Amino acid sequence: MEENGSLFLSSSSSSAQQRLRIIAGHLQKRPEDENASVAAQECKAEAPRSEPSSATPVPRRRQEIMKWNGWGYSDSRFLFNKKGQAEFTGKRYRLSGLILPSLKDWFEGTFGANLQHRSPATPSLNLSAVAPPNLNQPFVEDLKAAGLTVSHDPEDRVFRAHGHCLHEVFALREGRIGRVPDTVVWPSCHSDVEKIVELACEHNVCLIPYGGGTSVSSALECPREESRSIVSLDTSQMSRILWIDEKNLTAHVEAGIIGQDLERQLNERGFCTGHEPDSMEFSSLGGWVATRASGMKKNIYGNIEDLVVHIKMVTPRGVIEKSCLGPRMSTGPDIHHFILGSEGTLGVVTEVTLKIRPIPEYQKYGSVVFPNFQQGVACLREVARQRCAPASIRLMDNEQFQFGEFCFFLILLSFFCFDPQHLCVATLLFEGDRGKVLQHEKQVYDIAAKFGGLAAGEDNGQRGYMLTFVIAYLRDLGMDYYVIGESFETSVPWDRVLDLCRNVKERIVRECKERGVQFPPLSTSRVTQTYDAGACVYFYFAFNYRGLSDPVHVYEQVEHAAREEILANGGSLSHHHGVGKLRKEWMKESVSGVGLGMLKSVKEYVDPQNIFGNRNLL
Amino acid sequence: MASRALYSVSVLQHFCMLSDKILHACNTCSVNLSLLPSFNIFFRGNIKHISCPVSSESGDSTECVAEEASLILDEMAHRLQLSTVRFFVFTLSKAFKRLFRSVCVNEEGIQRLQQAVQEHPVVLLPSHRSYMDFLMMSYLLYMYDLPLPVIAAGMDFMSMKFVGEMLRMSGAFFIRRSFGGDKLYWAVFSEYVKTMLRNGYAPIEFFLEGTRSRTCKSLTPKTGLLNIVMEPFFKGELFDVNLVPVSISYERILEESLYARELLGIPKPKESTSGLLKARRVLSEDYGSMYVYFGHPVSVRSLTEGKITRSQYNLLPRCIPQKPSADTHEFLNDAAFRLVRIQEENMVLKPWVLIATLLLQNPDGMDLSSLAEQTDWLRHLALAFGAYLDWPDHEACSEVISCSLALHRHLLSVSAGHVQLSVTDAPQVESTPEEAVFHQAVVVLSCASYRNQILHVFLRPALLAVAMQSANSNRKDDVYNCFNFLRNMFSNEFILCPGDSVQDFEEACYLLMKRGVLQVLEHEIVMSASGHSTLAFLSSVLDPFLQGYQVVSRYLCEETNENLTEKEFIPAVRNFALKLILAGRLKCYEALSSDLQKNALAAFLRLKAVRKVKVGDQVTLKVNKIAVNSLEDTLGKSDVTSHQNSWCSSMAMFEIAI
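Since the model is a prediction, treat every value here as computed from it, not as a measurement. (Residues numbered from 1 in each chain as written. Chains lettered and ligands numbered in written order. Predicted model: local features only at pLDDT ≥ 70, side-chain atom pairs only at ≥ 80, totals over all residues. Heavy atoms only, no water.)

1. A few points about the packing of helix H9 (residues 224-234) of chain B against helix H14 (residues 326-345) of chain B
Residues and elements named next belong to chain B.
Then comes step 1: Taken N-terminus to C-terminus, the directions of H9 and H14 make an angle of 115 degrees; their axes are 11 Å apart at the nearest point. As H9 runs across H14, the sense of the crossing is right-handed. Facing H9, whose interface residues are Leu226, Asn227, Met230 and Phe234, H14 presents Thr328, Phe331, Leu332, Ala335, Ala336 and Leu339. (Axes fitted to C-alpha atoms, helices over the stretch in contact; angles between N-to-C directions. Helix = DSSP H or I, 4+ residues; strand = E, 2+ residues; numbered from the N terminus. Left-handed = near helix turned anticlockwise from the far one by under 90°. Contact = heavy atoms within 4.5 Å.)

Next comes the structure, spelled out in structure tokens:
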């Protein structure tokens with residue numbers, strides 16, 4: 001697919017094409033409207049799309065192209081072929097169709113897994129396992145009367161009952177289906193949402209907004225205690241770019257659009273948002289706003305809170321929005337910050353005005369190998385101190401380096417006299433105009449050299465970023481062979497980064513041992529973002545669960561312990577995954593009782609009936 | 001017992017192996033040691049960090065403070081050198097060979113330590129009864145190829161010419177005995193210790209009790225250093241820290257009579273090299289065996305679980321020293337007590353300890369036969385209460401006793417099958433009655449230091465036994481109240497974990513019930529018919545302390561003038577007690593012990609029966625005579641059963657005081 005190609009643009013050869021596209025975008029738009037290139041549209045579901053080339057939203061029946069019980073597209077998955085070699089199917093990714101000979105050895109060596117011991121998933125959804133919908137008939141009839149698309153199909157409902165937490169996917173693979181939404185409704189514009197929310201209030205049903213479904217905080221789980229009819233409000237059909245303002249460099253976009261579509265459509269016009277969370281293939285703009293998402297290239301473009309200029313949200317009390325598009329305001333506490341991170345508890349984000357940027361002229365990947373993790377962290381800290389972080393800079397620890405090595409890092413590192421048991425690697429991405437990128441690159445490599453870092457080439461950098469997009473597919477492969485795992489993240493002041501990584505990793509190993517995990521777990525960390533005052537740290541954790549009667553429970557206990565350890569070591573509850581229901585128990589500790597009370601009182605005012613009853617956060 | 005088997009390694013054998021060992025140890029240690037000089041330099045680099053907060057508070061320039069910090073560091077830092085260590089090992093192995101028949105070490109403890117050192121930074125917490133303690137620790141670790149510890153030693157050692165420097169080069173670093181107000185000193189010191197710990201250069205060794213116990217009773221632990229070594233864990237700088245309690249016991253203590261004299265007010269000679277040389281005389285005597293028991297490593301992480309919220313350290317930069325919060329302080333105190341109790345429990349006891357206990361209870365002496373009989377009885381009681389007794393299995397009881405008596409003959413007179421504690425080496429010509437009393441007191445206090453080693457075994461049942469005597473009824477809550485009162489009264493005297501009174505009570509009940517001494521019913525505690533002798537023995541274990549505290553309170557009530565200063569207190573009480581003894585009104589020589597007197601005063605201060613008032617630069621003691629009187633009455637009830645109502649009134653007083 002082309003959109004993935006664009007993610008991995010690296011060579012100077014493609015920059016010329018990009019420039020052409022930028023120019024073409026300018027030429028296209030100019031005759032239309034001299035004033036502000038505004039293409040305002042009437043909201044009508046049946047109205048013909050003005051840009052047919054880019055107007056193919058995620059289908060209503062997502063299960064037709066995506067896995068119902070795993071990550072991503074149905075056609076893309078890892079498997080071990082008959083020769084025992086790993087391969088990645090499909091045609092979508094750069095890795096697609098490739099054979100990865102060393103993955104098997106790494107997999108068996110790291111987890112003590114064996115290709116003979118399989119734990120296959122239930123092949124298809126057993127429809128009888130899905131409870132019949134608890135319908136609020138008058139509500140459904142009113143929805144239909146309003147011309148909205150509604151479904152009670154079990155497959156549709158099951159698809160929207162989960163995110164991608166381990167326990168959620170594991171249950172699906174075993175064919176266990178818990179409480180699922182009773183109805184799915186697809187609004188196609190802001191006023192549709194207003195209608196739905198109004199009816200929901202009238203008939204007292206529970207609404208759960210659904211964007212891309214990539215949550216890893218149990219945010220989409222239907223609360224067990226909810227007795228009302230649960231309606232999943234799928235925003236996927238609200239995916240248009242409503243206008244682009246080239247003078248102010250802003251775009252007004254419907255919140256259901258998914259990351260890759262937004263970026264592709266903007267690219268066609270010569271722009272980008274630069275917001276690239278790892279989930280951008282599937283996650284939606286509204287979801288980013290509702291969870292305070294962070295993108296890989298935030299060093300240039302900022303996190304979601306820096307990108308939004310205006311947000312429109314439908315709440316049971318009505319629509320909340322600001323009255324102008326001023327870049328900053330002093331009008332009391334910023335109401336956007338009630339919306340950002342509200343996790344679907346207050347309403348549905350319908351439209352967002354975002355900052356956009358011209359597509360960068362030049363992009364260059366890079367990588368640096370450090371003798372050990374300490375040196376790597378010290379280098380990142382120095383880069384942050386000098387405020388010269390590239391668009392993205394990430395540091396993998398040694399375990400993760402060894403993991404990445406199976407298919408990516410083919411260089412002979414022994415040449416550098418680094419101990420392969422300690423070395424770690426940083427991947428870099430530079431963006432901007434060519435001269436500046438090269439200058440910037442030199443500056444960063446010079447700093448790295450001071451910490452014993454050696455440049456290890458563009459390819460390795462690029463492969464490192466590619467790994468990000470396939471890692472979730474790898475989890476599915478693991479689950480076919482008794483290996484379960486997950487990632488979680490935190491943010492932490494600079495001086496605590498090393499201590500936190502070491503302590504959390506060791507805590508994970510120890511907890512696994514104490515809980516009877518037979519094989520040493522994979523417990524790795526990486527620094528994925530740098531800030532002035534600290535860094536974002538990611539942990540990957542996986543283990544072989546053969547011999548455990550309740551592996552998911554063990555997993556959850558270990559993750560719980562790891563989170564306790566993170567908090568005890570000065571890490572935050574979450575950098576960008578959000579709280580959901582998974583991390584709710586620590587909210588009070590994290591924001592103080594008063595803080596929690598403030599949030600509760602907002603909820604109380606905005607949604608007294610608890611229509612948005614997903615029970616996240618509070 | 002089997003699980004705690006000791007391996008007796010004769011010193012001689014050690015010595016023969018020495019030359020091989022040195023070569024071997026050289027190879028293993030040098031790697032470790034080569035880091036150390038660079039450590040001090042590295043640490044100097046950190047001084048700026050420490051000085052900044054201090055200088056901004058005091059207003060002095062940063063350079064000025066840094067300079068001062070550097071001087072403190074010079075005074076404090078160790079300079080571990082392998083050559084010095086080798087010299088020490090060589091000399092010590094000779095000395096130890098002459099002093100001790102054998103040095104016994106639990107080798108599985110050494111193995112555990114080896115394991116622990118690999119996992120996390122280790123803090124060694126030996127008990128402190130003698131100067132020998134840390135020399136022996138370093139010697140043993142060297143012999144077993146373990147990393148040599150750096151030791152927090154009192155400043156008084158440093159004033160010893162040459163030896164101070166030698167100790168420094170064998171890994172001691174020196175701390176001032178008191179530096180309460182000196183923030184910079186505290187900052188440099190704590191950072192110094194923490195940096196060593198964090199970098200895992202060497203195990204840290206210090207004494208929880210802070211100083212040598214002159215009485216062989218464990219002392220109330222100090223928490224300052226414990227906080228310092230735990231802080232890197234609290235602040236997330238270390239995943240865990242292993243605390244290894246080490247119990248060192250001596251069949252005969254080198255400083256035995258020295259301590260007794262010190263307790264009687266003959267001042268401790270200042271540590272000096274010539275003093276050490278004079279101590280050579282010591283080398284010619286037989287000190288029996290020495291025991292070193294390395295306990296199970298205690299993980300700070302598991303110790304703090306559910307008790308410390310580490311996130312409280314999140315909001316300050318970690319280089320800024322932080323006073324422990326109230327709950328941290330409580331935790332530290334509790335942890336320190338528990339560690340000292342582990343030390344106590346692992347302390348190896350010799351038969352002599354039992355004999356000394358019996359001889360002290362029979363000041364007029366005992367026949368050898370009844371001594372043998374009672375020792376055997378006591379042995380079984382002690383074992384039932386969990387004492388860690390090293391009793392030679394295959395020898396007859398009388399044989400064991402005569403061996404013990406021989407080793408401690410300087411405290412005894414044995415004639416015609418009758419044993420008595422008595423002065424043996426004093427001049428036969430009695431000079432003055434006072435001197436005679438002091439001579440006898442030296443013997444009694446020396447002997448008491450052996451009895452004290454087993455007190456922790458009998459303490460809780462003994463408190464219960466006394467409580468049963470003094471309670472108005474057999475009702476469980478009455479007995480518990482008395483128990484609790486005594487426990488409070490004596491909490492400066494013995495190791496009683498704060499807040500554990502219910503557990504202690506239950507433990508005492510359980511032990512005595514198991515022995516068939518008591519029957520504990522739902523609301524009543526009843527003595528069994530056969531339990532009388534055990535209860536009598538147990539209450540007389542505490543008798544010297546009850547009497548001693550009564551003497552102190554009587555003194556406070558009767559003798560005191562209005563402006564009694566803190567300094568005058570000890571000599572004044574001693575005189576008071578001496579007069580009572582000379583007048584024949586007091587038989588208990590232990591009342592002369594300054595340790596007991598200090599503890600009693602501390603208890604009265606804690607119970608607010610006495611107040612400290614600062615007048616000018618002197619601290620005077622203000623006595624609430626009514627309160628002291630009533631406390632005395634209550635204590636008096638346990639040996640003299642008069643004053644029926646005093647108990648209740650004093651309990652009321654006590655409650656008010658609390």
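There's more to say after this.
2. Topic: the sheet that holds strand S10 (residues 366-367) of chain B
All names here are of chain B.
Then comes step 1: Ordered in space as S10-S12-S11, the 3 strands form an open sheet in which the pairing is antiparallel. The strands lining the two open edges of the sheet, one partner per strand, are S10 and strand S11 (412-415).
Then comes step 2: Both S11 and strand S12 (residues 418-421) contribute to a ladder of 4 bridges, which runs antiparallel. Bridged to Leu412 within S12 is Leu421. (Pairing = 2+ DSSP bridges.)

3. Some details on the packing of aromatic side chains
Then comes step 1: All chains considered together, the criterion is met by 37 aromatic pairs over all chains.
Then comes step 2: On the basis of an interplanar angle of 70 degrees and a centroid distance of 5.5 Å, the ring pair of Tyr93 of chain A and Tyr473 of chain A is categorised as edge-to-face. Of this pair, Tyr93 of chain A sits in the loop between strand S2 (86-88) and strand S3 (99-100) while Tyr473 of chain A sits in helix H16 (residues 458-480), and the two are 380 residues apart along the sequence.
Then comes step 3: Tyr93 of chain A gets classed as buried once you look at its relative accessible area, which sits at 7%.
Then comes step 4: Measuring from ring centre to ring centre gives 6.0 Å for Phe385 of chain B and Phe458 of chain B, while their planes differ by 70 degrees; the resulting arrangement is edge-to-face. Here the residue Phe385 of chain B occupies a position in the loop between helix H16 (368-384) and helix H17 (397-407), and Phe458 of chain B occupies one in helix H18 (residues 433-470), the gap between them amounting to 73 residues. (Phe/Tyr/Trp six-rings, centres within 6.5 Å; stacked < 30°, edge-to-face > 60°. Buried < 20%, exposed > 50% of the residue type's maximum accessible area, 1.4 Å probe, protein only.)

4. Overview of the pairing of strand S4 (residues 150-154) of chain B
Residue and element names in this part refer to chain B.
Then comes step 1: Burial runs high along S4: 5 of the 5 residues are buried.
Then comes step 2: Here S4 runs beside strand S5 (residues 172-175); their pairing, made up of 4 bridges, is parallel. By the bridge assignment, Ala152 is partnered in S5 with Phe173.

5. Looking at the pattern of salt bridges
Then comes step 1: Within this structure, the stated rule accounts for 64 salt bridges over all chains.
Then comes step 2: In this structure, Arg475 of chain A engages Glu486 of chain A in a salt bridge whose closest nitrogen and oxygen atoms are separated by 2.6 Å. Placement of Arg475 of chain A in helix H16 and of Glu486 of chain A in strand S19 (residues 483-493) is noted, with a sequence separation of 11 residues between them.
Then comes step 3: Judged by relative accessible area, Glu486 of chain A falls into the buried class, the value being 9%.
Then comes step 4: For Arg198 of chain B, the salt bridge is made with Glu237 of chain B, and the minimal N-O distance between the two is 3.1 Å. Within this pair, whereas Arg198 of chain B is found in helix H8 (residues 183-199), its partner Glu237 of chain B is found in the loop between H9 and strand S7 (242-250), the two being separated by 39 residues in sequence.
Then comes step 5: Bridged by salt links that share partners, the residues Arg507, Glu511, Arg515 and Glu565 of chain A together with Arg301 and Arg310 of chain B form one connected network. (Salt bridge = Lys/Arg side-chain N within 4 Å of Asp/Glu carboxyl O.)

6. A look at helix H15 (residues 434-450) of chain A
Residue and element names in this part refer to chain A.
Then comes step 1: The terminal C-alpha atoms of H15 lie 25 Å apart, and with 17 residues this matches the ideal 24 Å at 1.5 Å per residue to within 8%.
Then comes step 2: For H15, the full list of buried residues reads Val437, Glu441, Val444, Tyr445, Ile447 and Ala448. Seen along its axis, H15 keeps its buried residues to an arc of 155 degrees; they face one direction. Summarising the geometry of H15, the exposed residues directed more than 90 degrees from the buried face are Lys436, Gln439, Lys442 and Lys450.
Then comes step 3: Elements in contact with the buried residues of H15: strand S15 (362-370), helix H13 (373-385), strand S17 (424-432) and strand S18 (454-455). (Expected span 1.5 Å × (residues − 1). Arc of directions from axis to C-beta.)

7. Digging into the environment of Gly571 of chain A
Residues and elements named next belong to chain A.
Then comes step 1: Mapped onto the secondary structure, Gly571 falls in the loop between helix H18 (551-568) and helix H19 (587-606).
Then comes step 2: Gly571 sits in the buried class, given a relative accessible area of 11%.
Then comes step 3: Placed 35 residues apart in sequence, Gly571 and Cys536 show a C-alpha to C-alpha distance of 9.2 Å.

8. Things to note about the side chain of Glu209 of chain B
All names here are of chain B.
Then comes step 1: With respect to the helices and strands, the residue Glu209 is situated in the loop between strand S6 (204-205) and H9.
Then comes step 2: Given a relative accessible area of 1%, Glu209 falls into the buried group.
Then comes step 3: Within the structure, Glu209 has its side chain in polar contact with the backbone nitrogen of His128 (distance 3.0 Å).
Then comes step 4: Dropping the residues within four chain positions of it, Glu209 is found in contact with Ser127, His128, Arg129, Lys217, Ser218, Leu219, Thr220, Pro221, Lys222 and Gln343. (Polar contact = N/O pair within 3.5 Å; in protein donor to acceptor, adjacent residues only side chain to side chain.)

9. Digging into the nonpolar core
Then comes step 1: Counting 159 residues, the largest nonpolar core has Phe100, Phe294, Trp352, Phe458, Leu464 and Phe569 of chain B as its most contacted members.
Then comes step 2: A per-element tally of this core places H18 of chain B first, with 21 residues.
Then comes step 3: Setting aside residues up to four positions removed in sequence, Trp352 of chain B forms contacts with Leu359, Ser404, Leu405, His408, Leu411, Leu412, Cys447 and Tyr450 of chain B.
Then comes step 4: Residues Ile393, Ile447, Met479 and Phe543 of chain A belong to the second largest nonpolar core, which totals 52 residues. (Core = buried A, V, L, I, M, F, W, Y, C linked by side-chain atoms within 4.5 Å.)

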